[in-house]
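Remarks on the overall topology
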Protein chains: 2
Amino acid sequence: MIDEANDTIDRDSYEPAYAQLVRILRRQIATGVFRPGDRLPSEAQLCERYGVSPMTVRRVINILADQGVVVAEQGRGTFVKPLELGTAIFDLDRLQQLFRDESQSQVKLLEVRIVPATERTARKLAIEVGERTIFIRRLIFQGENPMLLHREYVLYDPTRPIIEAEMEVTSLRGLFMGGNESALKWGDLAIDATVLTDDEATLLHSEVGAAAFRLEHIFYDFDNRPVSWGWFICPGDRLRFTAKVGIHDQETNNP
Amino acid sequence: MIDEANDTIDRDSYEPAYAQLVRILRRQIATGVFRPGDRLPSEAQLCERYGVSPMTVRRVINILADQGVVVAEQGRGTFVKPLELGTAIFDLDRLQQLFRDESQSQVKLLEVRIVPATERTARKLAIEVGERTIFIRRLIFQGENPMLLHREYVLYDPTRPIIEAEMEVTSLRGLFMGGNESALKWGDLAIDATVLTDDEATLLHSEVGAAAFRLEHIFYDFDNRPVSWGWFICPGDRLRFTAKVGIHDQETNNP
DNA sequence: ATTATACACTGATATAGAGAAGTCATTTGA
DNA sequence: TCAAATGACTTCTCTATATCAGTGTATAAT
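Rules used throughout
Residues numbered from 1 in each chain as written. Chains lettered and ligands numbered in written order. Predicted model: local features only at pLDDT ≥ 70, side-chain atom pairs only at ≥ 80, totals over all residues. Heavy atoms only, no water. Least-squares fit on C-alpha atoms with pLDDT ≥ 70 in both. Phe/Tyr/Trp six-rings, centres within 6.5 Å; stacked < 30°, edge-to-face > 60°. Buried < 20%, exposed > 50% of the residue type's maximum accessible area, 1.4 Å probe, protein only. Lys NZ or Arg CZ within 6 Å of the ring centre and 35° of its normal. Pairing = 2+ DSSP bridges. Helix = DSSP H or I, 4+ residues; strand = E, 2+ residues; numbered from the N terminus. Axes fitted to C-alpha atoms, helices over the stretch in contact; angles between N-to-C directions.

Turning our attention to the relation of the copies chain A and chain B. After a rotation of 180° and a shift along the axis of 0.0 Å, chain A superposes on chain B with an RMSD of 0.3 Å. Interpreted geometrically, this transformation is the action of a two-fold axis. When C-alpha distances to the rotation axis are compared across chain A, the minimum falls at A:F90, with a value of 2.5 Å.

Turning next to the packing of aromatic side chains. Enumeration over the complete set of coordinates arrives at 11 aromatic pairs over all chains. Ring plane angle 50° and centroid distance 5.2 Å describe the contact between B:W229 and B:W231, whose orientation is recorded as tilted. Across the pair, B:W231 and B:W229 agree in class, each one buried. A:R35 extends its terminal NZ or CZ atom over the ring of B:F222, reaching a point 4.2 Å from the ring centre. Between the NZ or CZ atom of B:R59 and the centre of the ring of B:Y18, over which it lies, the distance is 3.8 Å.

So, on to the sheet that holds strand 9 (residues 241–246) of chain B. The antiparallel open sheet is built from seven strands, whose spatial order is 3(A)-4(A)-5(A)-8(A)-7(A)-6(A)-9(B). Each end of this open sheet is capped by a strand with a single partner; those strands are strand 3 (105–116) of chain A together with strand 9 of chain B. If you compare each strand with its neighbour and ignore which way they point, the axes differ by 15° on average. Bridge count for strand 6 (residues 184–195) of chain A against strand 9 of chain B is six bridges, and the pairing is antiparallel. Directly across from A:A190, in strand 9 of chain B, lies its bridge partner B:T242.

Printed below as a string of structure tokens:
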């Protein structure tokens, strides 16, 4: 099973030695040469086997370790991690794609108003009830079809230049693509399951009571103060979050 | 702003030098010393500034790079990454906790049957329509309350020992916690938004039409053949996926 | 003025090796 | 017989050094 030709480091290759070794070991794990719970060869053995220095092997093990493929225990060895559902990682790629291609998606501003903060808004934005906030409602289209409904409360602060930027249709793209040089530092996100209300269904060309995702967000500035709070609504039949767990033998996806 | 005492590597500390430097740089980015788009000091400068070797700085930069905090460009420098929504990572921690404490959660087997594969099942499991599969229905409780409904189709193969293990109530825990030495290599996961059907609502003590998550899974063995396909149903008011984007100054969460 | 070259600076990769610290089986001593 | 000490492993951290490869700028030649 172990093919010598495919398990040797090619020093003339463009691909660095450490990357080759990562690939080789991942492949061996993926093909069952090393199975969950097994101990990998020691670092010294790997050095000799592949003709690389200890530091290079060290680096490889580190990479595999924080890829979650193996776990190294000092004094005992390096072991292949069993499959864990909890380590699944869901990302927002699909949502991101919406904003990647500007020609196929557009943002329609439905409403911009200055409103006093309600109890809930005040709590989320860490301000007093009644303080002024900017309420924004947007509808995001993919092609001809409405895809997302966005509601957002932004802190009203005339000294901040964010406000105008927030009202621009392109600001959303900035948030998703990272093109903005904004004062935003970090944010909290949460995904809920919900059903469409009357007006949501109308705007999104869907039906009342249809399943939907609710993606809530709070963004903070460099002083750790909330700047904006809002959420996206997306009908469940138009979005799906996917992930992979375990090793998926990147290259050779032969059936 | 830069406090010398907090920006020095303590060689007597238990915390390794590279970890300290990661923390220091993250903190400086989080507090706005370096802002998105800024260039970090060069590696040589960091060596001199903190009194560590180039390899150590190299390691620090690498760590920050695959944490997504910075991006290094050969010949130009290392730059602080702007906030990107798309990089948000949602995990299944909440679901994992369900199985962590066995005393507070239990699995009730509702149904186990051998059924011929329907068109959809056959497609998912890459088998022929009519081939035998094992259909399993489970209800997972947290304390006294039903939390998850699980449906699963497992490949019927007498030579495989998985089947019996799958029927054990503890097998689920194994999947989530990684305790099993199984023949499973990897899996595909997907999260949908849906609404509860009649029987789902009854079993989960909820209401028909209530918002719910649907977590679908397919697991594969070392030959890349599907072994099982199924999904969890969880009412939306009992589960929430959360994530953080950007830098969140891990330690100092002072308001 | 324009183009081509050389050089300094950046990160990227890799080597060799030392010492620390954890684990485990064996040996030694009471 | 039991417990402590030993030694052989393991991974972990870090230093020091070297070479390669991009990037940009200043300088020299055209």
